Amino acid sequence: MAIKGILFDLYGTLIEIETDESLEEVYRGIAHYLTYQEVYVNRWEVRDRYYQIMKQHREQSSEEYPEIDVEAIWNTFLEQEGMRASPERTDLSRILAQLYRAISRKRLRLYPDVKRVLDRLKPRYRMAVISDAQPSYALPEIKAVGLDGYFDPIIISADYGCRKPDSRLFKNALDIMNLTPAEVIYVGNDMYRDIYGASRLGIKTLFIESDQGAKSYETVAPDYFAPQFKDIIKGIRAITKSMPINE
């Protein structure tokens, strides 16, 4: 069956990102910002309660591979501070989530050759993203690095309450695209979350070497190993054994 779609992981595959959530500045900045919302807590209380609420949310999940929702974490935080449920509290939860990300983020950029390769694939294949991520982070960051408009759908784990290797994330993308596992290739940088996750549905996989992600998992092996992102073109050719993509 002909390949009609290429599915991509996001961070560590398309986008190179570095964050440091241990930075004191993250919690100090949020504590200072909260004073303008009439919420008075110190930076260490912000840090400790954030991780405490995150742990509670994970423990309350019935999922095999639970995913947190950072906006829900901040919403619980504000609820504990006596703020009533309202559109304003929902908006503030999103602002706090993005402020947390913005201060902790140290680097955000595309890996070499990403846009060049995507531009060559776009005329021939439908493309989608399946990422363990938060919508309040991922969607703005996709735009920030210039990838807006390349992918449909964009499946983000926090929207579903589970993360890869849960096969439902891959299946949701296929259902939206109206494609079967035999009609797509999944490209990722993590042997467990990406390659093992996609292969559970019988999806052909392409592993991209990067500075992030698990390099091995049990006996799992991709259908093609790409040392660099530019090698994805060669990998798709090898997997599909179809007509070459125009250089």
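Now for a description of the structure that goes with this document. (Residues numbered from 1 in each chain as written. Predicted model: local features only at pLDDT ≥ 70, side-chain atom pairs only at ≥ 80, totals over all residues. Heavy atoms only, no water.)

Describing the sheet that holds strand β1 (residues 5-8)
In sheet architecture, strand pairing relies on hydrogen bonds along the backbone and comes in two forms, parallel and antiparallel.
At step 1: The sheet built from six strands is open, its strands ordered β5-β4-β1-β6-β7-β8 with parallel pairing. Two strands lie at the open edges of the sheet, namely β5 (154-156) and β8 (224-226), each paired on one side alone. The mean inter-strand angle of the sheet, taken between neighbouring strand axes irrespective of direction, is 20 degrees.
At step 2: Pairing of β1 with strand β4 (residues 126-131) involves four bridges; the strand directions are parallel. In the strand pairing of β4, I6 is matched with M127.
At step 3: Against the sheet, helix α8 (residues 191-199) makes contact with β6 (184-188) and β7 (204-208), and its axis sits at roughly 165 degrees relative to β7, the strand it touches most. (Pairing = 2+ DSSP bridges. Helix = DSSP H or I, 4+ residues; strand = E, 2+ residues; numbered from the N terminus. Axes fitted to C-alpha atoms, helices over the stretch in contact; angles between N-to-C directions. Contact = heavy atoms within 4.5 Å.)

Topic: unusual backbone geometry
At step 1: Each neighbour pair has its own omega, and for D152 with P153 the value is 10 degrees, a cis peptide bond.
At step 2: With respect to the element layout, P153 can be found in the loop between α6 (135-144) and β5.
At step 3: Note the cis peptide between K164 and P165, where omega equals 20 degrees.
At step 4: Take P165: it is sitting in the loop between β5 and α7 (167-177).
At step 5: If you check the backbone angles, N178 has positive phi at about 55 degrees while not being a glycine.
At step 6: Looking at the element boundaries, N178 is found in the loop between α7 and β6.

Regarding the packing of aromatic side chains
How two aromatic rings sit relative to each other is set out by the distance from centre to centre and by the angle between their planes.
At step 1: Summed over the entire model, instances satisfying the criterion amount to 14 aromatic pairs.
At step 2: Taking the centre distance of 5.1 Å and the plane angle of 80 degrees together, the rings of F170 and Y186 count as edge-to-face. Here Y186 lies in strand β6 and F170 lies in helix α7, a separation of 16 residues in the sequence. Across this residue pair, the class does not change: F170 and Y186 are buried.
At step 3: Taken together, a centroid distance of 5.7 Å and an interplanar angle of 10 degrees make the contact between Y192 and Y196 stacked. On the criterion of helical spacing, the pair formed by Y192 and Y196 is a turn pair, its members being four residues apart in helix α8.
At step 4: By relative accessible area, which is 22% here, Y196 ends up partly exposed.
At step 5: A network of ring pairs unites the aromatic residues Y27, Y50, Y51, W74, F77 and Y100 as a single cluster.
At step 6: Its guanidinium or amino end placed over the ring of F77, R49 lies 4.2 Å from that ring's centre, counting from NZ or CZ.
At step 7: One residue, K122, lies across the ring of Y150, its end atom 5.0 Å from the ring centre. (Phe/Tyr/Trp six-rings, centres within 6.5 Å; stacked < 30°, edge-to-face > 60°. Buried < 20%, exposed > 50% of the residue type's maximum accessible area, 1.4 Å probe, protein only. Lys NZ or Arg CZ within 6 Å of the ring centre and 35° of its normal.)

Thoughts on the environment of L110
At step 1: Mapped onto the elements of the fold, L110 is located in strand β3 (residues 105-110).
At step 2: Taking C-alpha positions, L110 is 9.6 Å from I142, a pair spaced 32 residues apart along the chain.
At step 3: Sequence-distant contacts of L110, defined by excluding residues within four places in its chain, comprise L14, I15, K115, V145 and L147.

Some points on the layout of surface pockets
At step 1: If you add up the space inside the largest pocket, you get close to 580 Å³.
At step 2: In this structure, the largest pocket is lined by 26 residues; those nearest its centre are Y11, R101, D132, R163 and R193.
At step 3: Of all the elements in the fold, those that place two or more residues in the lining of the largest pocket are β2 (15-19), α2 (43-60), α4 (87-104) and α8.
At step 4: Considering only residue class, the lining of the largest pocket consists of nine nonpolar, six polar and eleven charged. (1 Å grid on protein atoms, 1.4 Å probe; cavity = no way out; pocket = protein on both sides within 12 Å on 5 of 7 lines; lining within 4 Å. Points joined across faces, edges and corners; volume = space filled by probe spheres on them. Nonpolar A, V, L, I, M, F, W, Y, C, P; charged D, E, K, R; others polar.)

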